[in-house]
Amino acid sequence: MSAPVVIVGTGLAGYNLAKEFRKLDSETPLLLISADDGRSYSKPMLSTGFGKNKDADGLAMAEAGAMAEQLKAEIRTHTRITGIDPGHQRLWIGEEAVPYRDLVLAWGADTIRVPVEGDAQDAIFPINDLEDYARFRTAAAGKRRVLILGAGLIGCEFANDLSLGGLEVALVAPCEQVMPGLLHPAAAAAVQAGLEGLGARFHLGPVLARLDRGENGLDALLSDGTRIACDLVVSAVGLRPRTELAAAAGLAVNRGVAVDRQLRTSHANIYALGDCAEVDGLNLLYVMPLMACARALAQTLAGNATAVAYGAMPVTVKTPVCPLVVSPPPRGTDGSWTVEGSGADIKALCRDAAGSLLGYALTGAAVQEKLALNRELPPLLA
Ligand SMILES: Cc1cc2nc3c(=O)[nH]c(=O)nc-3n(C[C@H](O)[C@H](O)[C@H](O)COP(=O)(O)OP(=O)(O)OC[C@H]3O[C@@H](n4cnc5c(N)ncnc54)[C@H](O)[C@@H]3O)c2cc1C
């Protein structure tokens, strides 16, 4: 039998690529390899599970076996690839060599861990996949107070969701506003106020310095001297694309695994997409770009070399207490902001000198304007 197309990763990138590929080619052997249990799930739903009272099994959509059947693929679960040998078109799973016709890296991003002193570091939970979520749900049973580290998109979504789930939320982050870098300060203030209305308390500026077990749960000491009593900690301080194995194999790596518009790495027959990939300089950790990449790469793998293009890709942030849609101005553009509205309803627009729309942040009632504004936005990768 000829060597299979091998996809490493069964997240949204790996599974969507496999689905798109099977629409075009139902015969070529397909092998998916995943370090996790291979269940199909939608990662964005992880930050909605408490509000909907869904545990990890409730968020899972299909077992690996069902996916294998649907995709006419072999899926190896709980299997971690340990190396790539581009010269011989094979990869390593420990001592086992697996040949590939084409290899696709869809192995995602790792959560960043920040160093913390104290004896309760095992009470800090990252939530970056279904298994993390299951662990956190188990630990949270019967608990009341959660400290969230990080005020980015994911930290804010968890602040909203855990509050809806009945937990008391405190959030600490070393920045002046929520979602710095992504969001105009006026919109950030609206979102923060919405979350505060749910009872979340913000400590913006300091970091968590120590976490110790106390008599009554955990004792968190912030760098500004504030002490917070809590029962568990969620870490949402950011993600780093997984690049180590690619770099070790000699593939070009920058912030992510570097690929061109055809999702080709620096080595023949090796491609990358999803959170691990930096596509023509852009590493976007969202679903929309990875879906565009999956469609283009499926064509290429089926013999019809295709480049990916990104249109505008606004991000809907799941903070239902204060609806938010944001489309940051593309890198390298230079615009100025105007802000309309007040309170929860903010419309912040960024335009260039000629008046063309570059980006926006819409909160509250202003999100209704997104469709009209989207038509004016520039593409991210033309
Ligand atoms: C809480 C949360 C909420 C989000 N909400 C949104 C949202 O609302 N909208 C949006 O657009 N995006 C959202 N995102 C981002 C989005 O979910 C990700 O961009 C997307 O799921 C990434 O998919 P992926 O397949 O690239 O990576 P992953 O889903 O991380 O998949 C990586 C896969 O690779 C496997 N793997 C890793 N290393 C190895 C190895 N060495 N060997 C074998 N297998 C390996 C893993 O086991 C896994 O199967 C959210 C993310 C989080 C964490």
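Summary of the structure given here. (Residues numbered from 1 in each chain as written. Predicted model: local features only at pLDDT ≥ 70, side-chain atom pairs only at ≥ 80, totals over all residues. Heavy atoms only, no water.)

## Section: the sheet that holds strand E15 (residues 208–214)
Pairing is antiparallel across the open sheet formed by three strands, whose spatial order is E15-E16-E17. The open sheet has two free edges, formed respectively by E15 and strand E17 (227–230), since each of these has just one partner strand. Neighbouring strand axes in the sheet, compared pairwise and without regard to direction, differ in orientation by 25 degrees on average. As judged from the six bridges shared by E15 and strand E16 (residues 217–222), these two strands associate in the antiparallel manner. Residue pairing in the sheet places Arg210 in a bridge with Leu221 of E16. (Pairing = 2+ DSSP bridges. Helix = DSSP H or I, 4+ residues; strand = E, 2+ residues; numbered from the N terminus. Axes fitted to C-alpha atoms, helices over the stretch in contact; angles between N-to-C directions.)

## Quick word on a nonpolar patch on the surface
There is a patch of nonpolar side chains on the surface, built from Leu164, Leu198 and Val321 and spanning about 220 Å² of accessible area. Along the chain, Leu198 falls in the loop between helix H6 (185–197) and strand E14 (201–204). Classification of Leu198 as partly exposed rests on a relative accessible area of 33%. (Patch = residues over 30% accessible without salt bridge, like charges linked within 9 Å, V, L, I, M, F, W, Y side chains within 5 Å. Areas by Shrake-Rupley, 256 points an atom, 1.4 Å probe, with all protein chains shown as cover. Salt bridge = Lys/Arg side-chain N within 4 Å of Asp/Glu carboxyl O. Buried < 20%, exposed > 50% of the residue type's maximum accessible area, 1.4 Å probe, protein only.)

## With respect to the sheet that holds strand E18 (residues 232–235)
Pairing is parallel across the open sheet formed by five strands, whose spatial order is E11-E18-E12-E13-E14. Sheet topology places strand E11 (124–126) and E14 at the edges, where each strand pairs with a single neighbour. Averaged over all pairs of adjacent strands, the angle between strand axes in this sheet comes to 25 degrees, irrespective of strand direction. Where strand E12 (residues 145–149) and E18 come together, four bridges link them in parallel fashion. What sits directly across from Leu149, in E18, is Ser235.

## Regarding the site of the ligand
In the vicinity of the ligand there are 33 residues, among which Ala13, Asp36, Asp275, Val287 and Lys318 approach most closely. In the environment of the ligand, an oxygen atom lies 3.0 Å from a nitrogen or oxygen atom belonging to the backbone of Thr10. Between an oxygen atom of the ligand and a side-chain N or O atom of Ser34, the distance comes to 3.2 Å. Those elements that provide at least two residues to the shell around the ligand are helix H1 (12–24), helix H5 (153–164) and helix H8 (287–301). By residue number, the principal contributor to the shell around the ligand is H5, which donates three residues. Considered class by class, the residues forming the shell around the ligand number 17 nonpolar, nine polar and seven charged. (Near = heavy atom within 4 Å. Polar contact = N/O pair within 3.5 Å; in protein donor to acceptor, adjacent residues only side chain to side chain. Nonpolar A, V, L, I, M, F, W, Y, C, P; charged D, E, K, R; others polar.)

## A few points about empty space enclosed by the protein
Under the counting rule described, the total for this entry stands at three cavities of 30 Å³ or more. Around the largest cavity, the lining residues are Gly274, Asp275, Ala277, Val279, Leu282, Leu284, Tyr286, Pro289, Leu290, Cys293 and Tyr310. Taken together, the elements giving at least two residues each to the lining of the largest cavity come down to strand E22 (277–279) and H8. Per-element tally for the lining of the largest cavity: the top contributor is H8, with three residues. Its residues placed into classes, the lining of the largest cavity shows nine nonpolar, one polar and one charged. (1 Å grid on protein atoms, 1.4 Å probe; cavity = no way out; pocket = protein on both sides within 12 Å on 5 of 7 lines; lining within 4 Å. Points joined across faces, edges and corners; volume = space filled by probe spheres on them.)

## Observations concerning unusual backbone geometry
Positive phi outside glycine occurs at Asn53, with the angle close to 50 degrees. Locating Asn53 in the fold gives a position in the loop between strand E3 (40–41) and helix H2 (56–59). Relative accessible area serves as the criterion here: at 61%, Asn53 is assigned to the exposed category. Its identity is not glycine, yet Met179 carries a phi of approximately 45 degrees, on the positive side. Within the fold, Met179 resides in the loop between strand E13 (168–173) and H6. Assessed through its relative accessible area of 1%, Met179 is described here as buried.

## Considerations on the packing of aromatic side chains
Inspection of the entire model under this criterion finds three aromatic pairs. An angle of 65 degrees between the planes, with centres 5.7 Å apart, marks the rings of Phe125 and Phe136 as edge-to-face. Linking Phe125 in strand E11 with Phe136 in helix H4 (residues 130–140), this pair joins segments that are eleven residues apart in sequence. Of the residues examined, Phe125 reaches a relative accessible area of 15% and is grouped as buried. Judged by relative accessible area, which is 0%, Phe136 ranks as buried. Taken together, the ring pairs connect Phe50, Phe125, Tyr133 and Phe136 into an aromatic cluster. One Lys or Arg, Arg137, reaches over the ring of Phe50 and ends 4.5 Å from the middle of that ring. (Phe/Tyr/Trp six-rings, centres within 6.5 Å; stacked < 30°, edge-to-face > 60°. Lys NZ or Arg CZ within 6 Å of the ring centre and 35° of its normal.)

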